[in-house]
Amino acid sequence: MRKSTFLIPLAMIAAPLPAAAQDDGGGAATGSAVTVSGSVTGISQYRLRGISFSDEGMAVQGGVTAAHKSGFYVGAWASSLAGYGTFGGANMELDLLGGYSTALGDATIDGGLVWYMFPGTNDHQYAELYASVSYPLGPVKAKLGVNYAPRRASIGDADNLWVYGDVALPIAGTPVTLKGHVGHTNGEGSIYAGPRGHYFDYTAGADVAWKRLTFNLSYVGTDIDRDEADAYYTLPGAKRGREIVDGAALFSITAAF
């Protein structure tokens, strides 16, 4: 389980997890019914749905999930932040999540709720519902998902919807998995929907697994106009808006436990 950022930590990837909800590997049984797993990641920059939340600087991330054999799970995920991503608060994002995942034939159905918190801000926190279905298409692992944040003052007194698709292709006989992602964010008035109220994000990359480590190299970007980004995202003393939405190569190392 993981956060909705496709780097991956998802994530988001993460899910993120950031992104919400996917097994990080490893794991330790606590009794016969519960498995605890987690990971720690160092990444060249934290991109949430294509936007740099670390001001193009390195980020440290980590998460832990406790999953019951029934399919229910709870977890937490955190990342360091900088620039636009701090929303005027501390250098940290903290996500709490709970959900349910189950197999339905060859498909895996997953859904739940994430509570996003940004310590030190003026009550910048909000809930997001998520659901996804994963299904093998020959050697390709495909996933379709949707995340919905109900209207809340802290995100612009508007709601926000993110719909995405992920694909992963393990290369037989190697530790390499090729990955692709495209997402679309929509929500007029939401601070997460960009200057136009909607935009696309995309990722192409590869994982290389070695023991409990996963190395990832990805190219991440958005279709947000550079001049609009300058006007919308630029903060005093931080990177220009266009720099945090332009395409960028990312590298990460994740250790699972």
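See the structure above.
The shown structure was predicted, so the numbers you read here are calculated from the model rather than taken from an experiment. Going along each chain's sequence as written, the residues are numbered from 1 onward. At least 70 in pLDDT is required for a residue's local features to be given in this predicted model, at least 80 for side-chain atom pairs to be given and counted, and no such filter applies to totals for whole chains, interfaces and linings, which use all residues. As a rule here, side-chain values come from all non-hydrogen atoms in the structure, and water together with hydrogens is ignored.

Engineer: Explanation requested: the environment of T41 in the structure shown.
Structural biologist: Put simply, DSSP H or I for four residues or longer makes a helix, DSSP E for two residues or longer makes a strand, and each gets a number counted from the N terminus. Counting through the fold element by element, T41 comes out in strand β3 (residues 34–43). We call a residue buried when its accessible area falls under 20% of the maximum for its residue type, exposed when it is over 50%, and partly exposed in between, using a 1.4 Å probe and counting protein chains only. Judged by its relative accessible area of 3%, T41 falls in the buried class. When the C-alpha positions of T41 and V60 are compared, they lie 5.9 Å apart, and in sequence the two are 19 residues distant. Pairing of N or O atoms within 3.5 Å defines a polar contact, subject to two protein rules: one partner must be a possible hydrogen donor and the other a possible acceptor, and residues neighboring in sequence count only if both atoms are side-chain atoms. Within polar-contact distance, the side chain of T41 engages the side chain of T254 at 2.8 Å.

Engineer: I keep staring at the pairing of strand β16 (residues 248–256) and nothing clicks. Help me out?
Structural biologist: For a regular strand, side chains alternate in direction, first toward one face of the sheet and then toward the other. In β16, alternate side chains face the same way, and those of A248, L250, S252, T254 and A256 are buried while those of A249, F251, I253 and A255 on the opposite face are not. One requirement defines pairing of two strands: DSSP has to find at least two bridges between them. Inspection of the sheet shows β3 paired to β16 by five bridges, in the antiparallel sense. Note on β16: the bridge partner recorded for V40 is A255.

Engineer: Just to check I follow, could you spell out the side chain of R47 for this structure?
Structural biologist: Its location among the elements puts R47 in strand β4 (residues 47–48). Asp and Glu count as negative and Lys and Arg as positive, but His and the ends of the chain are not part of the count. Basic side-chain nitrogens of Lys or Arg form a salt bridge, by our definition, when they fall within 4 Å of a carboxyl oxygen of Asp or Glu. Notably, R47 is buried but unbridged: the nearest opposite-charge side chain belongs to E56, and the N-O separation is 4.1 Å. Side chain to side chain, R47 and Q45 meet in a polar contact 3.0 Å long.

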